[in-house]
Structure formats: structure tokens, C-alpha cells
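If you want the building blocks of each chain, they are given just below.
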Amino acid sequence: HFRAYFEEIVGKHVSGRLKVAPEHTSEKVLNIMRKPSFELFHELYREFKRVNRENGLNQQLIPYFISSHPNCSPEDMADLAVVTKEQGLKLEQVQDFTPTPMTLATVMYYSGYDPYTLERVVTARSIKEKSRQVLFFFWYKKEYRKQIRDDLIKMGRQDLIPKLLGNSRN
């Protein structure tokens, strides 16, 4: 039933761009958000491309992502950048986490704990910490390459430099 419904929506009711909200690629961040695995987005993206190909369409899938969510580290953002780059995505629908009233994420942001498990939840709070995470959305912008490279080195993730930035020096 899903395939028929999805083919109907994508084939006949999308006006060029379909926006979806996977929000993150990290399982630990998605778990805190109470969201399914990023594998579900991979499946959706494959199906979206298939339906477009079979119907002679040239539509875009626009994913929405968030940085600095409770339980999200700079390392998680670096991994998000690599995963989305490998998907051929240059992100444009992005947001840095902002606490909003009456949400579970805001409780975690202010308390520092997951209220269901009482486990500690680390959260970027300062402008510097938040800015450090946001940069990874824009790995493709030349003006951010040096800072991203420096951050990857600081976090001991030099292995991601060629995947994200290529072999260039900056």
C-alpha cells in the first residue's frame, strides 16, 4: 500500500519539490528526538528517485536538518555532513535548535537530562558551540572549509577531511 500511495503522491501531487524532515543522521540524536532511523530516509530517497525516473519527472527532494539538538555533538554534525554529501545533497533547509515551550527537547536542553531515562544529555549552549555545529551544514562553502578542517582535526576525525573537503589544504 505504501508504494502505491507514494507513487500517487510523488507522481501526481508534488509541484517540483517535496520537503521532508529526517532532521538528523545520528541514531543517538534521532533516538532522543523519538524519530526513526535515517535508513528510512535512504529508502524514501531511493523510491523518490525511482518514481521520478519512471514518470519522466525532474523533482527535488528537500530534506530538513537541525543542529545543536540535545544529544548532538560536533562529531555527529561532521558525520551528518559526510552522509548527506554522499547522498549528493547540499543542504538548504536547516536550522539550529532553539528551545521552544512545552517540548521534550526543551526539557532536555534546560535540565541536561533525558526525563525518560534520567541519562545525561549533552547540549550545545554557547554561541561558539552552536556555530561550530552549524558550519557542518555548509561544508561546500569555501569560506567555511578552513574552520571545518580545523574542527575535524581538533575532534580527532582527520579521516573525514578527504570525504568532506577532498584533499585540498583549505
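Along each chain, residue indices are assigned from 1 in the same order as the chain's sequence is written. Only residues with pLDDT of 70 or above have their local features reported here, since the model is predicted, and side-chain atom pairs are shown and tallied only from 80 upward, although totals for entire chains, interfaces and linings are computed over all residues. The side-chain numbers reported here are obtained from all heavy atoms of the structure, hydrogens and water having been left aside.

The criterion is simple. A nonpolar core is a set of buried Ala, Val, Leu, Ile, Met, Phe, Trp, Tyr and Cys residues joined through side-chain atoms within 4.5 Å. Note on classification: 1.4 Å probe, protein chains only; a residue is buried when its accessible area is under 20% of the maximum for its type, exposed when over 50%, partly exposed between these limits. Core analysis: the largest hydrophobic core is formed by 40 residues, its most contacted members being F41, L61, F136, I148, L152 and L164. Any two residues whose heavy atoms approach within 4.5 Å at even a single point are treated as in contact. With residues up to four places along the chain from it excluded, the contact list for F136 reads P74, M77, A78, A81, I148, D151, L152, M155 and L164.

Note on ring pairs: Phe, Tyr and Trp rings are taken, using the six-membered ring of Trp, and paired if centres are within 6.5 Å. Classes follow the plane angle, with under 30 degrees stacked, over 60 edge-to-face and the rest tilted. Applying the stated rule across the entire model yields ten aromatic pairs. Plain terms: the ring middles of F38 and F65 are 6.2 Å apart, the flat faces sit at 50 degrees to each other, and that makes the pair tilted. Taken as a pair, F38 in the loop between α2 (27-33) and α3 (39-54) and F65 in strand β2 (residues 60-67) lie far apart in primary sequence, 27 residues in all. F65 shares its class with F38; the two are buried. Helix and strand definitions follow DSSP, with helices as H or I runs of at least four residues and strands as E runs of at least two, each counted in order from the N terminus.

A few words on the pairing of β2. Counting buried positions over the eight residues of β2 gives six, a clear majority of the element. Pairing between strands requires that DSSP locate at least two bridges from one strand to the other. Bridge count for strand β1 (residues 17-23) against β2 is five bridges, and the pairing is parallel. Considered in β2, the bridge of E23 is made with F65. In this sheet, strand β3 (residues 93-96) lies alongside β2 in parallel orientation, the contact comprising four bridges. If you follow S67 over to β3, its bridge partner there is D96. Tracing the backbone out of β2, into helix α4 (residues 74-86) and back to the parallel element β3 gives a crossover that is right-handed. When the strands point away from the viewer and the path from the first strand over the helix to the second turns clockwise, the crossover is right-handed.

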